[in-house]
Amino acid sequence: VSETERLCYVGHNFGSEVMRCNSLCRYFVGVLDKNSGQMEVYNAEIFNMQPLLSGGRCWESQLLGCCILLIPALFPWHGTRTVPSLVHAERDSGRGERSKSRVDVKWGWVLCSPGCAGCFNVRFCLVQMDLCIEAFGTSKQKRALSSRRMNAVGNDIVNTAVTKAAANVIDTKGVTALMQDMAQDDVQNISAFLPPCHEDADRPEHVYKFEDILSPAEYEALRVPAAALANITAEEMAKKAEERSHCSFVLEELKFLPTDERRRDHKTRCLWFLDTLIKFSHMKVIKKKHPMGPECPQIISRKLMKSFTSLTYNDGSIQNLISASMKAKITAYVIALALHINNFQTDLTVLQNDMKLPESRILDIAKALRLRVSKAKGVPGLENDQNHKLGTLSLPLPVQKAPEGQRKRKKMN
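Structure report, in brief. Everything numeric here is computed off the predicted structure, so don't read it as measured data.

1. Brief notes about the side chain of Glu218
Item 1. One can find Glu218 in helix 6 (residues 216–221).
Item 2. A distance of 3.4 Å separates polar atoms of two side chains, one belonging to Glu218 and the other to Lys303.
Item 3. Excluding residues within four positions of it along the chain, Glu218 makes contact with Ile213, Ile299, Ile300 and Lys303.

2. Focus on the nonpolar core
Item 1. Of all hydrophobic cores here, the largest spans 60 residues; its most connected members are Phe249, Leu274, Phe280 and Ile335.
Item 2. Within the residue set of this core, elements represented by two or more residues are helix 5 (210–213), helix 7 (223–230), helix 9 (248–253), helix 10 (261–281), helix 11 (298–307), helix 12 (324–341), helix 13 (348–355) and helix 14 (359–368).
Item 3. With 12 residues, helix 12 is the largest single contributor of residues to this core.
Item 4. Other than its neighbours up to four places away in sequence, Phe280 contacts Ile286, Pro291, Met292, Leu304, Met305, Phe308, Thr309, Ile322 and Ile330.

3. Considerations on the sheet that holds strand 13 (residues 345–347)
What links the strands of a sheet is backbone hydrogen bonding, and the strands pair in either a parallel or an antiparallel sense.
Item 1. Pairing is antiparallel in the open sheet, where three strands are placed in the order 13-15-14. Edge positions in the open sheet fall to strand 13 and strand 14 (372–376), since each of these has one partner strand only. Averaged over all pairs of adjacent strands, the angle between strand axes in this sheet comes to 30 degrees, irrespective of strand direction.
Item 2. Bridging between strand 14 and strand 15 (residues 388–392) involves five bridges; their strand directions are antiparallel. The residue of strand 15 that forms the bridge with Arg372 is Thr392.

4. Quick notes on the sheet that holds strand 11 (residues 310–314)
Item 1. Ordered by their spatial adjacency, three strands build an open sheet running 10-12-11, and the pairing between neighbours is antiparallel. Each edge of the open sheet is held by one strand with a lone partner, namely strand 10 (285–286) and strand 11.

Quick notes on the rules
Residues numbered from 1 in each chain as written. Predicted model: local features only at pLDDT ≥ 70, side-chain atom pairs only at ≥ 80, totals over all residues. Heavy atoms only, no water. Helix = DSSP H or I, 4+ residues; strand = E, 2+ residues; numbered from the N terminus. Polar contact = N/O pair within 3.5 Å; in protein donor to acceptor, adjacent residues only side chain to side chain. Contact = heavy atoms within 4.5 Å. Core = buried A, V, L, I, M, F, W, Y, C linked by side-chain atoms within 4.5 Å. Buried < 20%, exposed > 50% of the residue type's maximum accessible area, 1.4 Å probe, protein only. Pairing = 2+ DSSP bridges. Axes fitted to C-alpha atoms, helices over the stretch in contact; angles between N-to-C directions.

Function-wise, these values are silent; they only describe arrangement.
Dropping the structure here:
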């Protein structure tokens, strides 16, 4: 135990508070006799001395017990009687002597919860820490402190200006008009990821035109890869179902291909492109130039990369990323294409399972597409075949509404 004019210090050589020193080392203290010039060596132990506060606990234990870690060793302390703590520094100037720093120990305590009497006042700490930097900090620390204070002043000015501007807008336009504008903005943001919608259409097939999903050039490029599906046999169908080389929606639709050659060719082209979209949506970062393989036409690969990916910068290079918004866009185009395949009525649950989406997500996208959603019994043998959601595109279109924000569960740490 050591004692100064201000505080008592305690060191431990046993228990959990002992220093983590190498037990294989021995420590010695040498005492030099100036008169004889000889040194006497004594065995020694290393103690980590901590200020002993009221209650019998060291300051470090009290602070750590309240989950606040303070590192006073960041500052260069001078003098043998200096106390390493959060301090208020004063400067005394002596006559003809160099200016010295004196450190006064000051503590502030608040209760963080009922029964806790050792929680440090964080705001008090920060103020005292700034004073420490002004008195003892390095040039870099002082520049950082000055920059932080200037930014704090700037933030206060910006917040005041924004608050005043918001109040003026509310007074001028009114809360009701602002809420309507926000709802309209939400609708426009959703529409940015949907196929072009023609609300004045007189027939369902004209609401989401097929040409807006596949251009004539892209549709023509699908003739070769879709030929394998058009000429598929029962044995090949069973093998594909066993290998799951295509999604459930496509495998189910291949069972009901039209006998008319033209209609059969049209449907297989649509199914091939729909299957490609779903497989593409399962990717995260696109690293290959032709992510869907060599059998995918080049014009289709360019369409996928240009229309359904977003550019991101990572590891010094630009990459194509399928973000959450891009996956929503792919889902919207998949639903629109499925409507054209199935006479403007499609099983949303099958598409949801193929795209590995939660039900709420695909229902939000279907409602944004102005579909009427109803319950239906699914095809026997499919997952959850008793409770399927059916999406129907019919005229007149229902009124478009922005999706209501869902409350997110707070993560428990």
